[in-house]
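Chain by chain, the residues run as shown.
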Amino acid sequence: MISNRQMKRTLMIELFSTTGLFLSAMAENLQQLAGGMAAAVVYAAYFLWIGKDYDIGQTGKIRKTIYSLRFFIYACFLGSLIKLLVSKMLLGGSSGWYVFLPVFLLTIYANHGGREKRARLMEALFWFVFLPLFLVLILAVKEVHAPYLITGDLKPAKSIQVFLCFCSLEILLFFHGKIKEKIQPLVFIFVLNIFIFIVTVGMYGSGMTQSAELPVVTIIQMVRLPGGFLERLDIFILSFWILSLFAIFSAYCFYGTYYFHRDTRQAEIPANSSDRKKISWISLLFYAGVFAVVIWNRLDLRSIIHVFQTYVLWMDIPMAVILPLLGRPGMKRTIAATMLAALLFIVTGCGPKRVNIEDRAYVLALGIEKQEQIWKIGFFLPENEYMEVQGKNWDEVAEHFQKSSEKELELGHLKAIVIKSGTDVSELENEWKEQDYPKTVLLFETQDSMKKLKEADEKTEDSLGTNLVDLAERNKKETTLGDYLAGIKTMPKLRIRTDFLTIE
């Protein structure tokens, strides 16, 4: 048996990792956050209610198999997330499988000892996970701008995405105890996620958090400790976030093999029984399958999140709600009503409306100049693709872009803006403040024409936006969009010399 303190701390770690990592990328303002979290509260209340007299270990073979398959998918997603997180933040995009391997082996070691051993490990990790996060949030809270938190309208699709971040609330069924003892960690998780959202969105607005794959990690990269202590704070915090993801990853591996684990049936099966060997083989296949999928996976972070969210919304959550109701007396009508509601939800077209990745035009850099009250905007896209559009204002430019392109304009990955010398961009400032422009976008001033910028872009392997970011880092000269909007109008001078980009 595990103690109440161990149960609470285990729940806190397991429920926190994925919500805290992605919540700020799902909602644009507090209204959307409130809608999603209200649904999550109802979802949690359902599992607290159903868990009073529901023993998940006493379900039939079919339900046990369904639970195991569902948790296998969760484990594959979380394992891939760990690998991609390390690859993106620490290894520059190279494979992170050799970092995932020790996490995977530690998971097997922790789970092999049963629930008590996992509980002791989670209790030991508790302060290692949360203390550094609290430190960063406290340092960052002074930079919060309240207007960023209320900009925009209530969008049901965004609230649904917030709700999906709390899909792991189902693990409440695996913890036996009084409801009030489970409520305390739930309150902690909800309050902490609200705090994280306020800090991340409040610092730089929803534009950056919506465009960033990992908003919390991005914010951490901008926070500096007083006195320059721990310059690479992002790596320090990232290591603890990996520990947090390890907690929920190991949890789903444990629950996925829960019915085949030794400590759940040890009293029923003799030590030398062939059934005991069968149990070990099933668990082995589970872990081997997870490892193979994680190593084989070639999807990028955005793609795998999109696929997983779609699966959770249309398949996993309905199963999570219905499975505990099966076999309960008088629940047939409830199940029928739930399925009917889900069907109506699909037919009416509710749920997050998403544009496929291949249907988006990802703008990596903008070139801006104005001639006789007409804006001339150059859009620099991946693979050195370029499109030039004119208009009397930004809305007209965007409209002309959409008419000229089959793809939807996407500015969330914008890296740099190059402004022609003498161009007054004050008209665009409101657009930059309100729309999906990341506040970390770099600004440059140039005397060269858009044509020369296009020619320089064509002669490089990477995009213009990526080259400008590298150039600014090498020359230690950076002015971000956030700096500009805060009143710093001085920008590095960009020049093109024999088709090469330089900063004066």
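Residues numbered from 1 in each chain as written. Predicted model: local features only at pLDDT ≥ 70, side-chain atom pairs only at ≥ 80, totals over all residues. Heavy atoms only, no water.

To continue, consider the nonpolar core. Membership of the largest hydrophobic core comes to 99 residues, with the highest contact counts inside it found for Phe 166 and Phe 249. With 27 residues, the next largest nonpolar core counts Leu 381, Leu 414, Val 425 and Tyr 484 among its residues. (Core = buried A, V, L, I, M, F, W, Y, C linked by side-chain atoms within 4.5 Å. Buried < 20%, exposed > 50% of the residue type's maximum accessible area, 1.4 Å probe, protein only.)

Applying the stated criterion across every chain yields a total of eleven salt bridges. Ionic pairing is found between Lys 454 and Glu 458, a salt bridge with its closest N-O pair at 2.6 Å. Of the two residues, Lys 454 and Glu 458 are both situated in helix α17 (residues 450–458); the distance of four residues between them amounts to about one turn of the helix. Residue classification places Glu 458 among the partly exposed residues on the basis of a relative accessible area of 45%. One salt-bridge network, held together by shared partners, links Arg 70, Glu 170 and Asp 316. (Salt bridge = Lys/Arg side-chain N within 4 Å of Asp/Glu carboxyl O. Helix = DSSP H or I, 4+ residues; strand = E, 2+ residues; numbered from the N terminus.)

Now for the packing of aromatic side chains. What the rule picks out here adds up to 31 aromatic pairs. Relative to Tyr 252, the ring of Tyr 74 has its centre 4.5 Å away and its plane inclined at 15 degrees; by these criteria the two rings are stacked. With Tyr 74 in helix α3 (residues 61–89) and Tyr 252 in helix α10 (residues 233–256), the pair connects residues that are 178 residues apart, well separated along the chain. Judged by relative accessible area, which is 2%, Tyr 74 ranks as buried. The buried category is assigned to Tyr 252, whose relative accessible area is 1%. (Phe/Tyr/Trp six-rings, centres within 6.5 Å; stacked < 30°, edge-to-face > 60°.)

Across the protein, pLDDT averages 79, with 79% of residues at or above 70. Element-level pLDDT for the protein is lowest in helix α11 (residues 262–265), with a mean of 44, against a maximum mean of 92 in helix α2 (residues 30–50). Within the model, the stretch residues 227–232 combines pLDDT values under 50 with three contacts to residues more than four positions away or in other chains. Across residues 262–271, confidence stays below pLDDT 50; counting only partners more than four residues off in sequence or on other chains, it has 17 contacts. (pLDDT = per-residue confidence, 0-100. Contact = heavy atoms within 4.5 Å.)

Before going further, it helps to spend a moment on helix α18 (residues 464–475). Structurally, the α-helix is built with 3.6 residues per turn, so residues lying three or four positions apart point the same way. Taking 1.5 Å of rise per residue, twelve residues should cover 16 Å, and α18 covers 16 Å from first to last C-alpha, within 8% of that figure. Taken together, the buried positions of α18 are occupied by Leu 464, Gly 465, Asn 467, Leu 468, Leu 471 and Ala 472. Each buried residue of α18 lies within a common arc of 160 degrees when the element is viewed along its axis, so the set occupies one face. Once α18 finishes, Lys 476 follows within two positions and takes phi at roughly 55 degrees, a positive value. (Expected span 1.5 Å × (residues − 1). Arc of directions from axis to C-beta.)

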